[in-house]
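Structural features, examined
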Amino acid sequence: MRRKTVRACAPLPVLVARAALPGAPALAQSPTRPEGWGGLYIGLLGVSTDSKTTGTSNRGDGAFGSNASAEAANLSISGRGAGAVLGYQHQYANGIIAGLEADWVALNQQRLQDILVDNMGSPWFGMPGASIQRETEWISTARLRLGYGDGPWMVNASAGLAVASMVQTRTQYQGLNPPAQVVAAFSETDRTMPLGWTLGLGGAWQIAEGWSLRLDYLHAQFDQVRFSFPNARGGVNSVNNNGGFVSVQGRDVRNDVTMRMLRFG
């Protein structure tokens with residue numbers, strides 16, 4: 001007796017469900033997780049700086065002079081700047097991050113210091129005998145970084161070397177009498193690039209795949225930064241009614257510069 005084979009057909013709703021299964025995982029995908037913190041990176045920086053400059057000013061011929069010592073720096077200078085950063089870092093499985101970073105920042109940081117005649121018997125009392133423009137043109141650092149990252153955020157500490165371009169321009173004033181007045185006679189400019197050290201703390205937050213925001217604080221120290229002005233005069237005293245100078249003394253200036261930088265990138 002021949003048996004009749006009957007094939008069971010799945011109900012229509014089941015077929016529809018099966019057809020939908022291949023697309024189900026795509027609908028259930030979670031958002032893309034942030035990348036790790038390892039690899040090569042570049043970025044742009046905006047910088048706010050505040051510097052403290054202290055030092056000594058002596059006669060260039062080695063003798064003591066009250067006019068020379070009055071030109072010693074003891075002032076703060078604020079500024080702004082912008083630059084770029086380049087770095088490489090590796091993130092280990094436990095979240096520890098180690099790397100190397102270098103940066104260069106152009107600065108607009110300058111301040112003019114007037115050195116006033118303090119001899120009450122002088123017809124130029126209270127007028128400038130000299131003025132010094134102090135400026136930092138740029139700063140660059142190279143630092144080792146050690147930090148920790150967890151998901152979209154990371155923190156780090158860094159330490160390394162710093163180099164900066166510092167400029168001083170000294171203007172000598174000449175006394176005229178009568179009437180009692182001073183006029184700028186000549187200027188001397190000296191530029192140097194001292195090497196110092198730097199320490200920093202910072203953090204960053206990933207805002208999109210391959211992109212992050214960062215905030216850093218850096219402390220940089222430059223000691224015994226030297227400037228020389230060989231033609232500096234001893235004062236503005238007039239040698240005759242037509243005006244003139246007293247003797248050439250020269251200046252040997254040595255400054256300690258502490259820079260504090262808040263950087264956003």
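Rules used throughout
- Residues numbered from 1 in each chain as written.
- Predicted model: local features only at pLDDT ≥ 70, side-chain atom pairs only at ≥ 80, totals over all residues.
- Heavy atoms only, no water.
- Core = buried A, V, L, I, M, F, W, Y, C linked by side-chain atoms within 4.5 Å.
- Buried < 20%, exposed > 50% of the residue type's maximum accessible area, 1.4 Å probe, protein only.
- Helix = DSSP H or I, 4+ residues; strand = E, 2+ residues; numbered from the N terminus.
- Contact = heavy atoms within 4.5 Å.

Right, let's talk about the nonpolar core for a bit. Ranked by size, the top nonpolar core spans 19 residues in total, and within it Ile-139, Met-166, Ala-220, Phe-222 and Met-259 carry the most contacts. Elements with a contribution of two residues or more to this core: β1 (39-59), β3 (96-116), β5 (153-176), β8 (211-229) and β9 (251-264). Broken down by element, this core gets its largest block of residues, 6 residues, from β8. Excluding anything up to four places from it in sequence, Phe-222 contacts Ile-139, Ala-162, Val-163, Ala-164, Met-166, Pro-194, Leu-195, Gly-196, Asn-255, Asp-256, Val-257 and Met-259.

Here the focus is the environment of Leu-213. Within the secondary structure, Leu-213 is located in strand β8. For Leu-213, a relative accessible area of 38% puts it in the partly exposed group. A sequence separation of 170 residues divides Leu-213 from Gly-43, and the C-alpha atoms of the two residues are 9.5 Å apart. Every residue in contact with Leu-213, bar those within four places of it in the chain, is listed here: Gly-203, Ala-204, Trp-205, Ile-207, Phe-264 and Gly-265.

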